[in-house]
Every structure is written in structure tokens, then in C-alpha cells.
Amino acid sequence: MPSSRSPLSRLLTVLLAGLLAGLVLALAALPTGLLGGLVAKASLGAYEELPDALRTPVQPQRSYLYADDGKTLITTFYDVNRTDVPLAEIAPVMRQAIVSAEDRRFYSHGGADLRGIVRALVANVKGGGTEQGGSTLTMQYVRNVLKTDPTRTAEERQAATEQTVGRKLQEIRYANALEKSLSKDEILNRYLNIAYFGSGAYGVAAASQRYFGKTPADLTLGEAALLAGLVQSPDEYSPIDGDKDQALARRGYVLDSMAETGAITAQQAAAAKAEPLKLHPTAQPNGCTATASARDGWGFFCDYLRQWWLTQPAFGDTAEEREQALRRGGYRVVTTLDAKIQQTAQAQATKVYGYDDKRALPIAAVEPGTGRVLAMAVNRHYSLADNPDGQANHPNTVNPLISGGASVDGYQAGSTFKLFTMLAALEAGKPLATGFDAPAKLPTRYASDAEGNCDGRWCPGNANPEWMDGYRMMWDGFGRSVNTYFVWLAEQVGEDKVVEMAQRLGITFRAGSDAAFARDNAANWGAFTLGVAATTPLDLANAYATVAADGTYCSPLPVVSVTAPDGGKIDVGQPNCKKVLAPDVARAATDAARCPVGQQSAYGQCNGGTATGVDAIVDRPVAGKTGSSERNATETFVGFTPQVAVAGIAANPDDSTDLVGSAVQSEVIDAVARTIRTAVAGKPVRDFTAPSRELAGDPQRPRPEPRPQPQQPTPPRDAPRNLPSDLLRWLQDRG
């Protein structure tokens, strides 16, 4: 290749070459024994004085993220596209090719090949052709390490490639020291893992994938020769980004060299040279936006994992250090993402709303007892691509619509929050049979001047009075989602206890107004039980998963294991769990949660539900709760079995005044139920444990609490027709 360097640069090269040539020729003229003694003396103790990067190399490597099967690649993270592989996983022809191309005497010299240096210097001084380096593989390895060592300053890294006599002598000294301490194969392995092969690929593993879409163990003779030929001038010879003809010419040179050294026969070389160039360029994904387009939604999980990673002290003292560890540490991360559940959740989310719809259905799935996040789906592309005018978050966004954070506070989840009121009441000793004659509207102690108030007091009402009003216990109050029953129940136990219960189960108040109310005025948050605080599908699913796990709360966890390049396990994949509810309290709440989904409680007290179709879809023990916010601005359903909890919230992430409407509730229920069905498919059928008789109470002998009387008369209504038949008979028996 003709040199394109400037005349001044070539002059400096000639002068330097002359100096080095004189030095090397003088050394070469010495008697062999004396020369060896000088080299040995110069190297004495040198290994202990080597920079840490040469003794214990720490080079940037790509980190891999896999689904929970450990095989399905989600994406990779890297600043430098590089992955170390052991020599045994590199095809023998690749090892032979690099030695033949760069350092034929590699297995016979002691780190610096004096004859090779003299030959290269003399050829370069004479000029008239391709410049020759004269550096051995060991010397090249030293140079590569020092110029990329992240612990050195930019000036120190630049000095590692300066054309000076001092730098060259230091390189020779370091190379000799390495050769005295490491085997030839270990040096060759290190070299192959750090050499730059062009097109952004550092190391033979990245190069094999980049050019041929395969591992280095599977390289053919022709492919190995082509890669070996690239290291002399990677960017110029690269057949992807540079000159294909020059790449083929270099391949031919390497094959001839291999034949001359006896690594292959002349016939093998000729056959390989005759092969057409067959590239299979494979761009390695980098970051969460690089997840495959066919896997929309995976990027949101990836981003959640990244945000989790940045909080883990195991990867550094600061967020910046942890980010660098992810991009340069070479970790193998097996995540909790279940590809089948994710696929179903994504299909269901996009079935309800298309990618271009302003409304969204974020869905999250969590494993009870571990907190492992199994799926995160939404009808959006995780992408930085531009959106049409007026479409802030669709079809493309990187905002955490499923997990919350950044600019996403969450969405009102309506009556799903009644679970926290029920739990607080059960914990306070009130049994499931706690009865109350629930009116259509319930006057409370809170002042209100809003339309529909009751003599200046806030009085929430039931959405469907004919079906909801009347004597209710926790079972049918939850099953029929009776607002006035649960507002009354919250008053009995204290609204602050309900708020604390929600927080105990992992509900995070991201909206400033919610956080302030919870902190300063929880005892007066009467509407909290109706789900007026913003939450996310992930928080909600995990809260219900806590109940499914008999009261064991586990922090949401996106990883199964994290393995360092040396094979060591990082201690971050273990669930972080604690008991936050007595098991009997959780079991009692679960028993009532059988009512909404069309199943029967252990005590036979379910008599209607808001999501009865779930029973037929899941076809095994299941529980759950629907939720509709004011005027059906959002529609929510969360369901659970002992093995999975799934939540979905239909909302407009950009406009809370855009009402999704009650009609979509059935679709949300169906989407969540079908995701649950996929999650439990093939798993043993597990039933819920019934609560104790003590916490169930005595539904056969109801003693209803008195109904609060409003300050002004209310129209009479036919209350008895809404009573359960057994209660009606009991009242009739007593006149």
C-alpha cells in the first residue's frame, strides 16, 4: 500500500528508523552470549515493575443482556465492541493466521525479535513500498494495552504510540518481561482479544460476529486469513467500511505466509484464495434502543434494568461508575424477562390500542415471592425516533410508561386500591364478615362544595346502585366494588392506616401532591381507598404479588444472575424480600379477591363480580380486582395466582383529561387474564390457602353496622331487595 503520510512525517520516520537501526545493529553485532546476558539483565525484575494493566489486564468489554433462559439476547452495552474468549474457543486456523501475518518467529523469540526489527528498519529507510513494523505480537500487545488502559490519563495513552526511541525501548523491555512470566499461548490469547480488526470490532470474538456473524471457533481458513490481514490497517482494509479489493489482497498475503511457514499446504492456500468474499455483516446492538424491532416493549424492560443497575453499589460508588461498568465491564446478565409472557403481554397491549394510538395499555407481570419482573409491555416503540407533530409519546418514546420515574408519575388505578383498605381492616382485627348496609351515597366527615355534595359534605356514591347498594361484607363489597362500603371501612380503621398499608406493599407516590398528602395529611385522605393516587402497573402488580405470596413483599428485581468476565458471580441476583403481612391477613384478602373474577371464596360468600370472565380464561385458581377512576378516565385490572401477578392500566399518558371510557374495561380484563394464562401454562395448578375461621368471621349471623344518616333527608329506597337472601330471611324471622 503506498504511504499517504506527509513528507515531514516520513522524514521523522526515517530519522527515527536510523537511530533505532543503529542501536539494533550495534546490539546485533555483539556476541550472542553477551547479547543474551544484556537482555536478561535489562529484564531482571521487570515483571514486578510492569503497569497493572499489563500484569492484570482490564480492558473494556461488551456486556450482554439475556432473557431468563440465558440464551435469548435482549441487547448488549458497550463503549468498545469487545468480548474476551479463551484460546480454546478460537479456531486453530485463526491462531495460525495471525502468527503468520504478524510475527512468524513468535514461538522462537523472547519478546523482541531483533532480526525482525533490523529487517523492518532497513526496509523502511530504503522506502519504495509498504512500511514494515518489526514489532512482535508481544510488543503489539503491550502497545494496545497501554493505549487503551482506562486507568491511564489521555496523555499517557497517547504516549504509548509515540514514535520515539524511548517508547520503543520501553515496549521491548515490557515485552521481554511478559515473555518471562506468561506462556506464548497466553500472550497470543491476550493479543487476539485486544487487537482492533476495523468496523468497530475489538478482539477476535467481536470481529467474527461483525464480519461473518459467527463465533471465532467456527471461522474457516479463508475467514481467519481475512481477519488476520486486517490488523495492519483495520479501517482501510475493512471489507465493510474500507476497500474490499485490498482486504482480499491482504487475505492472499496471509494465506501465502501460512503456506510458507508450513501451517497449511500450498493447495489449501490456493483453494482459500479462490473463494469469493462472503460477508455476513452483523451489527451488535448497543443499548436499550437497539433491541430488535420485532421485540417492541423489550426496550422498556431493558431501560428498567439499566435504572436498577445504576442504584447497585456492587457496580461502583457512583451512578457514573456503574454506567461505565455496564458499558465496559463485560458482564453476562441473565434477566428475569420471560420471552413468552412478554410476547403475550405485548400482543395484548397492542390488540387493545395500536402503536399510533394516543392512549396506552402498559402491562407488568411479577413473580410472587421473588419480585422478579417477568414482562413489561406497552403499545409503544422504545425509540428516540421523532414523532409526528402533536404526538409527544406515540408511537415512539423512551419514557418509563410501565414502571414510572423521570416524568412519569403513573395513573389512577381506581378501585384496585380497595385492597389496601381491606388489608388494613383485616390487620386491625375486623373479619371478612364485617357487615355494613351500604347506601347509594355515603355522607362523610369531609367538607365539600363540589356538585353532588350532601349538605356540604363529601359523599361518594356507588357506580351501579341497584347492584351495589345494600348489606355488604368484605367478600361481596370487594366483588361488586362497592364504593360506599370501602369508604366507610376506611373510616373505621383510619385512612392513614390504609395509606401506610399501600406504601408497605410498595406503592410509591411519584406525584408531588400525592407524596405531600401521604406525608402530611394521610389521616384525612378519605378518597384514597377509591384509587385517586397515581401508580404504575409495576407497583400495582407487585403489591398484589405480595398478597399472593402470603404477605411477603419483594423488591422488584430485573435480574437472575450477573457474571463477571472471569466467571465470578456478582451478588445482586438474590430476591430482597421481607414479611409485611401476617399470612392469615393476606389469605383473607385473597379469599375476598376471588369474588371479582367469577370464582368462589373458601366460605362461599361470593355473589357477583366485575370481571367474572377471568375464571374461564385462566381456568385455575385466580383472584384480582378491577378499577375505574373518576368518569372512567382510566381502566385497570390486576389479577394473580400463587405464581404470577399481572396489572394493566388503560390511560392517556400525555393527557389525564382524556377519558378512556368504561367500554375498554372488558378489553383490559381480557388482556391481563390472557397474559396470566400464558404465565401459568405448563405449571402445576396451585390453589390458594383458605384463611382462618377467626379472620373470616361468622357470615351466618350478620350484625350490620348502623348506616350514617345524612344531614338532610334522602329519598326512600327499597333496601331489602338488595340484601343477600340469607340476611333477608334473618331479618324477616325477627319481624
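Scoring rules and cut-offs
Residues numbered from 1 in each chain as written. Predicted model: local features only at pLDDT ≥ 70, side-chain atom pairs only at ≥ 80, totals over all residues. Heavy atoms only, no water. Helix = DSSP H or I, 4+ residues; strand = E, 2+ residues; numbered from the N terminus. Buried < 20%, exposed > 50% of the residue type's maximum accessible area, 1.4 Å probe, protein only. Contact = heavy atoms within 4.5 Å. Areas by Shrake-Rupley, 256 points an atom, 1.4 Å probe, with all protein chains shown as cover. Salt bridge = Lys/Arg side-chain N within 4 Å of Asp/Glu carboxyl O. Phe/Tyr/Trp six-rings, centres within 6.5 Å; stacked < 30°, edge-to-face > 60°. Lys NZ or Arg CZ within 6 Å of the ring centre and 35° of its normal. Core = buried A, V, L, I, M, F, W, Y, C linked by side-chain atoms within 4.5 Å. Pairing = 2+ DSSP bridges. Axes fitted to C-alpha atoms, helices over the stretch in contact; angles between N-to-C directions. Disulfide = S-S within 2.5 Å. Parallel < 35°, antiparallel > 145°, perpendicular 65-115°, else oblique. Nonpolar A, V, L, I, M, F, W, Y, C, P; charged D, E, K, R; others polar. Polar contact = N/O pair within 3.5 Å; in protein donor to acceptor, adjacent residues only side chain to side chain. pLDDT = per-residue confidence, 0-100. Left-handed = near helix turned anticlockwise from the far one by under 90°.

## Side note on the overall build of the protein chain
Phase 1 of the analysis: A count of helices and strands for the protein chain gives 29 helices and 20 strands.
Phase 2 of the analysis: Expressed as a percentage of the 735 residues in the protein chain, the buried residues total 54%.
Phase 3 of the analysis: Nonlocal contacts in the protein chain, meaning residues at least 24 apart in sequence, comprise 71% of its contacts between residues at least 6 apart.
Phase 4 of the analysis: Carbon and sulfur atoms form 50% of the exposed surface of the protein chain, whose accessible area is close to 30900 Å².

## Overview of the pattern of salt bridges
Phase 1 of the analysis: This model, assessed by the stated rule, comprises 23 salt bridges.
Phase 2 of the analysis: Linking Arg104 and Glu260 is a salt bridge whose minimum nitrogen-to-oxygen distance equals 2.6 Å. One end of the pair, Arg104, is in the loop between α4 (92–102) and α5 (114–126); the other, Glu260, is in helix α13 (residues 244–261), with 156 residues separating them in the sequence.
Phase 3 of the analysis: Three or more residues joined by partner-sharing salt bridges are found here, namely Arg143, Arg167, Lys168 and Glu171.

## Brief notes about the environment of Ala527
Phase 1 of the analysis: You can see Ala527 is positioned in the loop between α23 (512–520) and β13 (534–535).
Phase 2 of the analysis: A sequence separation of 44 residues divides Ala527 from Asn483, and the C-alpha atoms of the two residues are 9.8 Å apart.
Phase 3 of the analysis: With residues near it in sequence (within four places) discarded, Ala527 still touches Trp458 and Val532.

## Focus: the packing of aromatic side chains
Both the distance between ring centres and the angle between the ring planes are used here to describe each pair of aromatic rings.
Phase 1 of the analysis: Enumeration according to the criterion identifies 22 aromatic pairs in this entry.
Phase 2 of the analysis: Clustering of aromatic rings is evident, with ring pairs tying together Phe417, Phe420, Phe509, Phe517, Trp525 and Phe528.
Phase 3 of the analysis: Positioned above the aromatic ring of Tyr66 is the side chain of Arg332, whose terminal nitrogen or guanidinium carbon lies 4.7 Å from the ring centre.
Phase 4 of the analysis: Note that Lys625 overlies the ring of Phe478, its terminal NZ or CZ placed 5.6 Å from the centroid.

## Points about the nonpolar core
Phase 1 of the analysis: Judged by nonpolar contacts, the single largest core of 105 residues is most densely connected at Trp309, Phe420 and Met422.
Phase 2 of the analysis: If sequence neighbours within four positions are ignored, Phe420 has contacts with Val498, Met501, Ala502, Leu505, Ile507 and Ala543.
Phase 3 of the analysis: In terms of nonpolar packing, the next biggest core, distinct from the first, is built from 54 residues, Val145, Leu146, Phe197 and Val254 among them.

## Thoughts on the sheet that holds strand β18 (residues 623–628)
Phase 1 of the analysis: Pairing in this open sheet of five strands is antiparallel, and the strands run β7-β6-β20-β19-β18 from one edge to the other. The sheet is open, and its two borders are formed by β7 (373–377) and β18, each paired with just one other strand. Averaged over all neighbouring strand pairs, the angle between strand axes comes to 5°, with direction disregarded.
Phase 2 of the analysis: Relative to β7, strand β6 (residues 363–366) runs antiparallel, the two sharing four bridges.

## Some details on the sheet that holds strand β5 (residues 332–335)
Phase 1 of the analysis: Reading across from one edge, β2-β1-β5-β15-β16 is the order of the five strands in this open sheet, with mixed pairing throughout. Two strands in the sheet have a free side with no partner beyond their single neighbour: β2 (73–77) and β16 (569–570).
Phase 2 of the analysis: Relative to β5, strand β1 (residues 63–66) runs parallel, the two sharing three bridges. Residue pairing across strands places Tyr66 opposite Val334, the latter belonging to β5.

## Some remarks on the state of the cysteines
Phase 1 of the analysis: Taken as a whole, this structure holds four disulfides when the rule is applied.
Phase 2 of the analysis: One disulfide in the model links Cys454 with Cys459; its S-S distance is 2.2 Å. Disulfide Cys454-Cys459: the torsion about the S-S bond is 85°, which places it as right-handed.
Phase 3 of the analysis: Described in terms of the sequence order of its bonded cysteines, the disulfide pattern of the protein chain is 1-2, 3-4, 5-6, 7-8.

## Some thoughts on the packing of α4 against α13
Phase 1 of the analysis: Across the interface, α4 lies against α13 with an axial gap of 8 Å and an inter-helix angle of 95°. As judged from the angle between their axes, α4 and α13 are roughly perpendicular. On α13, the residues that touch Val93, Gln96, Ala97, Ser100, Ala101 and Glu102 of α4 are Arg250, Tyr253, Val254, Ser257, Met258 and Thr261.
Phase 2 of the analysis: Considering only residue class, the contact of α4 with α13 consists of six nonpolar, four polar and two charged.

## Re helix α9 (residues 184–194)
Phase 1 of the analysis: Most of α9 sits out of view: nine of its 11 residues are buried.
Phase 2 of the analysis: Looking at α9, one finds that the buried residues are Lys184, Ile187, Leu188, Asn189, Arg190, Tyr191, Leu192, Asn193 and Ile194.

## Things to note about the side chain of Ser448
Phase 1 of the analysis: Considering the arrangement of structural elements, one finds Ser448 in the loop between β11 (436–438) and α19 (465–468).
Phase 2 of the analysis: Within polar-contact distance, the side chain of Ser448 engages the backbone nitrogen of Ala450 at 3.2 Å.
Phase 3 of the analysis: If we ignore the near neighbours within four places in the chain, the residues touching Ser448 are Asn453, Gly456, Arg457 and Trp458.

## Description of the side chain of Thr563
Phase 1 of the analysis: Note on placement: Thr563 falls in strand β15 (residues 559–563).
Phase 2 of the analysis: A residue is classified by how much of its surface remains accessible, and Thr563, at 12% relative accessible area, is buried.
Phase 3 of the analysis: Among the polar contacts made by the side chain of Thr563, one reaches the side chain of Lys569 at a distance of 3.1 Å.
Phase 4 of the analysis: What Thr563 contacts, discounting residues up to four positions off in sequence, is Gly330, Tyr331, Arg332, Gly568 and Lys569.

## Points about the confidence of the model for the protein chain
Phase 1 of the analysis: Put simply, the protein chain has an average pLDDT of 86, and 85% of its residues get 70 or more.
Phase 2 of the analysis: Overall, residues 128–132 carries pLDDT values under 50, and its contacts beyond four positions in sequence, including any with other chains, amount to 11 contacts.

## Re the packing of helix α10 (residues 204–212) against helix α11 (residues 221–230)
Phase 1 of the analysis: Running from N to C, α10 and α11 point in directions that differ by 115°, and their axes come no closer than 11 Å. The angle between α10 and α11 places the two elements in the roughly perpendicular class. Seen from above, α10 lies across α11 with right-handed handedness. Here α10 contributes Ala207, Ser208, Tyr211 and Phe212 to the contact with α11, which in turn contributes Glu223, Leu226, Leu227 and Leu230.
Phase 2 of the analysis: Grouping the amino acids of the contact of α10 with α11 by side-chain chemistry returns six nonpolar, one polar and one charged.

## Digging into unusual backbone geometry
Phase 1 of the analysis: Residue Pro395 is reached from His394 by a cis peptide bond, and omega for that bond is 5°.
Phase 2 of the analysis: Inspection of the secondary structure puts Pro395 in the loop between β8 (381–382) and β9 (396–397).
Phase 3 of the analysis: Phi at Ser199 takes a positive value of approximately 55°, unusual for a residue other than glycine.

## With respect to the pairing of β6
Phase 1 of the analysis: Neither face of β6 is exposed, since Ile363 and Ala365 on one face and Ala364 and Val366 on the opposite face are all buried.
Phase 2 of the analysis: If you look at the hairpin formed by β6 and β7, you'll find six residues sitting between the two strands, and Gly369 has a positive phi there, around 85°.
Phase 3 of the analysis: Here four bridges tie β6 to strand β20 (residues 645–650), and the two strands are oriented antiparallel to one another. Of the residues in β20, the one forming a bridge with Ala365 is Val646.

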